[in-house]
Amino acid sequence: MSVKSQRIDPRELKRLSVLQSHRTLLAIGFDWVLIAGAIAFSKYMQHPLAYFAAVLVIAGRMHAFGCLMHEAAHYRIIKNRTISDWMSDLLLAWPIMATVDGYRMNHLAHHQHTNTDDDPDWAAKLGMTQFTFPQKVWRGVVQLLGYLVAINSVRDILHMAKRIAKHDRSTRTYKLLRIGFYAAAAVIFSVFGLWTDVTLYWLVPFLTFFCLFLYVRSVAEHFGSMDYSDELGSSRTVYPYLWEKLFFAPHNINYHLEHHLYPGVPYYNLPELHAVLMKNPTYASRAHITRGYTTGLASECFAPNAPLLPAHHPVSY
C-alpha cells in the first residue's frame, strides 16, 4: 500500500472534492469588486499613497485571478466544462493576458511529471539564476527590484509566452474571439477616454507587483530548501501571515503540497484537507511546511554568506 493511500479515507476525499460552484462565483465577483473599490478609492483620495495602495490591491487581485484560473485548469469551477472555460477566460484569464487551456496544457504536465525533466515548469526554470538557491540576500533584493521596474516582469512574460506557444492548440475561431475581446476593450477605452486609467490601474500593477507576486509564489511552491527525493518534501505548503494572504496566497493557493497530492479538491476545501492530513503522524513529520513568505520562505532561500552557485540546477539541500 502506498503512503498516499494511507493518508485520507476515500469517502472523506470524495466529500472534500464536491464542487460548490457558488463559492467560486462569489470569489470572482468579490475580486472584481475589490479592484473597482481600489480604483474608486484612489481617484477619490487623489493622493500618491492611495494610488500605491490601489496598485497593491489590484495586483493582488490579478494574482487571485491567476489562482482561480488554476482552479479552472483543473475543472474545479463548475461542472459544465465548456461554460467553465469560457467564463474563466472572459473573467479571469484574458484580463491577465492568459488562456485557460494554454495554462492547462502546461500545468497538468507539471502535475504528471513534477520536478522531473519532463515537467515543463521545472525544465523551463532549470538553470535560471532566479531559481537557483540559496542566494545571497542582496541578489534576492535585486531580483525583486527588477519586478518593480518591470524588467523582470517583461522577461518572465516573454519566457512564458514562448513556452505556451509551443503547445498552443487553440482553434482559429477561439483566436479570433480573443482578438475581438481585446479589440472591443480598446474601442471602449478610446471612446470613453480611459487609456490613462487603464495604464495607471491595470498595466502598472500588471507589470510590477502582479509579476512579483507570481515569482514569489513560484519559488515558494518548489524551490529553496526542498527534498526532491521525497513526495512530501518536494512541494511546499506555506502558513501565510494575514496580510500575505491578500498578495502572495489568495484563495488558499498556499496549500500547494496538499494540492499536488489531491488536485481534485477545490481551493475552498484545502484548509480542511490539510487539517485531515495533519492528523497522520507521518505526514505531519515529513510534510514541508513553512511559516510565512517574508520570513520562513526568505530564510530558506536566502543567506547573507551564500556561495555564488553555478546557475545550472535548483539546489536540493
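Up top is the structure.
Keep in mind it's a predicted model, so treat the numbers as computed, not measured.

Broken down by element type, the protein chain carries 15 helices and 2 strands. Here the protein chain has a C-alpha radius of gyration of 20 Å; the compact-globule value for 317 residues is 20 Å, and the two agree. Expressed as lengths along the three principal axes of its C-alpha atoms, the size of the protein chain is roughly 65 × 50 × 40 Å. Out of the 317 residues in the protein chain, the part that is buried amounts to 46%. Sequence separation of at least 24 residues holds for 75% of the intrachain contacts in the protein chain that already meet a minimum separation of 6. Put simply, the protein chain has 29 plus and 22 minus side-chain charges, and the middle of one group is 3 Å from the middle of the other.

Moving on, we come to the pattern of salt bridges. Considering all chains together, one arrives at 14 salt bridges under this definition. For Arg61, the salt bridge is made with Asp31, and the minimal N-O distance between the two is 2.8 Å. Of the two residues, Arg61 is situated in helix α3 (residues 48–73) and Asp31 in helix α2 (residues 21–45); the sequence distance between them amounts to 30 residues. For Asp31, a relative accessible area of 0% gives the class buried. Note that Asp121 and Arg163 form a salt bridge whose closest N and O atoms lie 2.5 Å from each other. In this pair, Asp121 sits in helix α6 (residues 120–125) while Arg163 sits in helix α8 (residues 151–166), placing the two residues 42 residues apart along the sequence. An identical accessibility class is assigned to Asp121 and Arg163; each is buried. Among the charged side chains, a salt-bridge network with shared partners connects Asp85, Asp101, Arg104 and Arg169.

Attention now moves to empty space enclosed by the protein. Counted according to the given criterion, the structure contains 2 cavities of 30 Å³ or more. Its volume calculated, the largest cavity comes out at about 50 Å³. His70, Glu71, His251, Asn252, Ile253, Tyr255, His256, His259, Tyr267 and Leu270 are the residues that line the largest cavity. Within the residue set of the lining of the largest cavity, elements represented by two or more residues are α3 and α12 (256–261). Of the residues in the lining of the largest cavity, the class split is 4 nonpolar, 5 polar and 1 charged. Together, Arg217, Ala220, Glu221, Arg236, Val238, Ile253, Asn254, His256 and Tyr293 line the second largest cavity.

Taking 1.5 Å per residue, 12 residues should reach 16 Å; helix α7 (residues 137–148) reaches 17 Å between its end C-alpha atoms and fits that length. Among all positions of α7, only Gly140, Gln143, Gly146 and Tyr147 are buried. The arc that holds the buried residues of α7, viewed along the axis, is 115°, so those residues lie on one side. On its buried face, α7 is in contact with α8 and α10 (195–222). A positive backbone phi angle near 75° is found at Ala150, which sits one or two residues after α7.

Given a relative accessible area of 14%, Arg163 falls into the buried group. A polar atom in the side chain of Arg163 sits 2.5 Å from the side chain of Asp121. Here Arg163 is in contact with Asn106, Pro120, Asp121 and Ala124, once residues within four sequence places are set aside.

Taken as a whole, the second largest pocket holds about 640 Å³ of empty space. If you trace the second largest pocket, you find 21 residues lining it, with Pro95, Ala185, Phe189, Val198 and Trp202 closest to the centre. Elements with a contribution of two residues or more to the lining of the second largest pocket: α2, α4 (81–93), α9 (172–191) and α10. Per-element tally for the lining of the second largest pocket: the top contributor is α10, with 7 residues. For the lining of the second largest pocket, a count of residues per class yields 20 nonpolar, no polar and 1 charged.

Turning our eyes to something else, we now look at α9. For the α-helix, the turn length of 3.6 residues means that residues three or four positions removed from each other point alike. Here α9 contains 20 residues, and its C-alpha end-to-end distance of 28 Å stays within 8% of the 28 Å for a straight helix at 1.5 Å per residue. Within two residues after α9, Gly193 carries a phi angle of roughly 60°, on the positive side.

Next up on the list: the packing of aromatic side chains. By the definition in use, this model includes 24 aromatic pairs. Between Phe133 and Phe302, the aromatic rings sit 5.7 Å apart at their centres with planes inclined by 75°, giving edge-to-face as the arrangement. Of this pair, Phe133 sits in the loop between α6 and α7 while Phe302 is found in the segment after α15 (292–301), placing the two residues 169 residues apart along the sequence. Taking the relative accessible area as the measure of exposure, Phe302 reaches 24% and is therefore partly exposed. Three or more aromatic residues link up through ring pairs in this structure, and these residues are Phe52, Phe209, Phe213, Trp243, Phe247, Phe248 and Tyr293. For the cation-ring pair, Arg81 lies above Tyr75, with the distance from its terminal atom to the ring centre recorded as 3.8 Å.

About the criteria used
Residues numbered from 1 in each chain as written. Predicted model: local features only at pLDDT ≥ 70, side-chain atom pairs only at ≥ 80, totals over all residues. Heavy atoms only, no water. Helix = DSSP H or I, 4+ residues; strand = E, 2+ residues; numbered from the N terminus. Rg over C-alpha atoms; globule rule 2.2 N^0.38 Å. Buried < 20%, exposed > 50% of the residue type's maximum accessible area, 1.4 Å probe, protein only. Contact = heavy atoms within 4.5 Å. Lys, Arg positive; Asp, Glu negative; His and termini not counted. Charge placed at Lys NZ, Arg CZ, Asp CG, Glu CD. Salt bridge = Lys/Arg side-chain N within 4 Å of Asp/Glu carboxyl O. 1 Å grid on protein atoms, 1.4 Å probe; cavity = no way out; pocket = protein on both sides within 12 Å on 5 of 7 lines; lining within 4 Å. Points joined across faces, edges and corners; volume = space filled by probe spheres on them. Nonpolar A, V, L, I, M, F, W, Y, C, P; charged D, E, K, R; others polar. Expected span 1.5 Å × (residues − 1). Arc of directions from axis to C-beta. Polar contact = N/O pair within 3.5 Å; in protein donor to acceptor, adjacent residues only side chain to side chain. Phe/Tyr/Trp six-rings, centres within 6.5 Å; stacked < 30°, edge-to-face > 60°. Lys NZ or Arg CZ within 6 Å of the ring centre and 35° of its normal.

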